[in-house]
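Fold and geometry: a report
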Amino acid sequence: MSATPVIGQWSHDQYLEQVLAFHGHTAPGVVIGGYMVEAARRALPDGVLFDAVSETVQCLPDAIQLLTPCTIGNGWLRVYNLGIFALSLYDKHTGRGVRVRLDAERLRAYPDVRSWFLKEKPKKEQDSDAIARQIREGGFDMLSSAPVQIHPDILARQGKGPVVRCPDCGEYYPARFGDRCRLCQGNGPYERWNS
């Protein structure tokens, strides 16, 4: 295999090293996600400032964060838990972009990847070497893409706005959330908490 960049600035093997360092293991979803991000980037005009959408919380957000300036922390990556293995990169001003997805029909040529993707076998019965080999062989051929237009509500950036103190717990929060913080409204991850 040549050293020519395939995924972002890296060869396939170099990208695997980046995935391992960032994600903790070379998960098939992050590896395939690298091809997806690269396919979307190639479909955008040169020089466009773009944002990203991930339609799943699993693996794809890490591929996007590894290969683009779009992160959850800077707000340029939005993650929707739709459970669909797809992502979009789009012009942050116009909303025009491209959506790339892992295509189950195209995976017929890559049966181990298809079985992994469709959860046809328990993880312990999957052949991880065959999956990795087929991802390397299939790369971009496993994907489908289509143009998208992002909804105007998504394009409108909402700043934090004024910050107020919660009368119940004393935490500071954006006033637009109401007369109490979201935790005190019962909209948090905690069953119990102390501030």
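Further up the page is the structure itself.
Residues numbered from 1 in each chain as written. Predicted model: local features only at pLDDT ≥ 70, side-chain atom pairs only at ≥ 80, totals over all residues. Heavy atoms only, no water.

Another aspect to go through is the packing of helix α1 (residues 12-23) against helix α2 (residues 28-43). As a packed pair, α1 and α2 sit with axes 10 Å apart at the nearest point and diverge in direction by 125 degrees. Judged on the interaxial angle alone, α2 and α1 are oblique. Between α1 and α2 lies a crossing of right-handed hand. Contact residues: α1 offers His12, Tyr15, Leu16, Val19 and His23, while α2 offers Val30, Val31, Gly33, Gly34 and Tyr35. A per-class count over the contact of α1 with α2 returns six nonpolar, four polar and no charged. (Axes fitted to C-alpha atoms, helices over the stretch in contact; angles between N-to-C directions. Helix = DSSP H or I, 4+ residues; strand = E, 2+ residues; numbered from the N terminus. Parallel < 35°, antiparallel > 145°, perpendicular 65-115°, else oblique. Left-handed = near helix turned anticlockwise from the far one by under 90°. Contact = heavy atoms within 4.5 Å. Nonpolar A, V, L, I, M, F, W, Y, C, P; charged D, E, K, R; others polar.)

The subject of this paragraph is helix α5 (residues 128-138). Quick reminder: α-helices carry 3.6 residues per turn. Residues three or four places apart thus point the same way. Along α5, the residues classified as buried are Ala130, Ile131, Gln134, Ile135 and Gly138. Mapping the buried residues of α5 onto a view down its axis gives an arc of 135 degrees, with all of them on the same face. For α5, the exposed residues set more than 90 degrees away from the buried face come down to Ser128, Asp129 and Glu137. Sitting at the head of α5, aspartate 127 places a side-chain oxygen 3.2 Å from the backbone nitrogen of aspartate 129. (Buried < 20%, exposed > 50% of the residue type's maximum accessible area, 1.4 Å probe, protein only. Arc of directions from axis to C-beta. Polar contact = N/O pair within 3.5 Å; in protein donor to acceptor, adjacent residues only side chain to side chain.)

Evaluated as defined, the whole model comprises zero disulfides. Unpaired in terms of disulfides, cysteine 166 finds its nearest cysteine sulfur in cysteine 184, a separation of 3.7 Å. Take cysteine 169: it sits in no disulfide, and the sulfur closest to it among the cysteines is that of cysteine 181, at 3.7 Å. (Disulfide = S-S within 2.5 Å.)

Time to look at the pattern of salt bridges. Tallied over the entire structure, the rule returns nine salt bridges. The closest approach of N and O atoms between arginine 101 and aspartate 103, which form a salt bridge, is 3.6 Å. Judged by its relative accessible area of 8%, aspartate 103 is buried. The residue aspartate 168 makes a salt bridge to arginine 180 at a minimum N-O spacing of 3.2 Å. Taken together, the positions of aspartate 168 in the loop between β6 (163-165) and β7 (172-174) and arginine 180 in the segment after β7 put the pair twelve residues apart, joining distant regions of the chain. For aspartate 168, a relative accessible area of 49% corresponds to the partly exposed category. Linked by salt bridges that have partners in common, Glu38, Arg41 and Arg42 make up one network. (Salt bridge = Lys/Arg side-chain N within 4 Å of Asp/Glu carboxyl O.)

On the surface, Val57, Ile72 and Val79 cluster together into a nonpolar patch covering about 230 Å² of accessible area. Position of valine 57 relative to the elements: it lies in the loop between β1 (50-54) and α3 (60-67). (Patch = residues over 30% accessible without salt bridge, like charges linked within 9 Å, V, L, I, M, F, W, Y side chains within 5 Å. Areas by Shrake-Rupley, 256 points an atom, 1.4 Å probe, with all protein chains shown as cover.)

For the rest of this paragraph, the subject is the nonpolar core. By size, the foremost hydrophobic cluster in this structure holds 39 residues, and its most contacted members are Tyr15, Ile32 and Val113. Counting only elements with at least two residues in this core, the list comes to α1, α2, β1, α3, β3 (86-91), β4 (96-102), α4 (111-117) and α5. Element by element, the count of residues in this core is highest for α2, at seven residues. (Core = buried A, V, L, I, M, F, W, Y, C linked by side-chain atoms within 4.5 Å.)

Our next topic: the pairing of β3. The buried fraction of β3 is high, at six of six residues. Judged from the five bridges that link them, β1 and β3 form a sheet pairing that is antiparallel. Residue pairing for β3: serine 54 is matched across the bridge by leucine 87. Remark: four residues form the turn of the hairpin made by β3 and β4, two consecutive strands paired antiparallel; glycine 95 in that turn has positive phi of roughly 85 degrees. (Pairing = 2+ DSSP bridges.)

Purely geometric numbers; function is a separate question.
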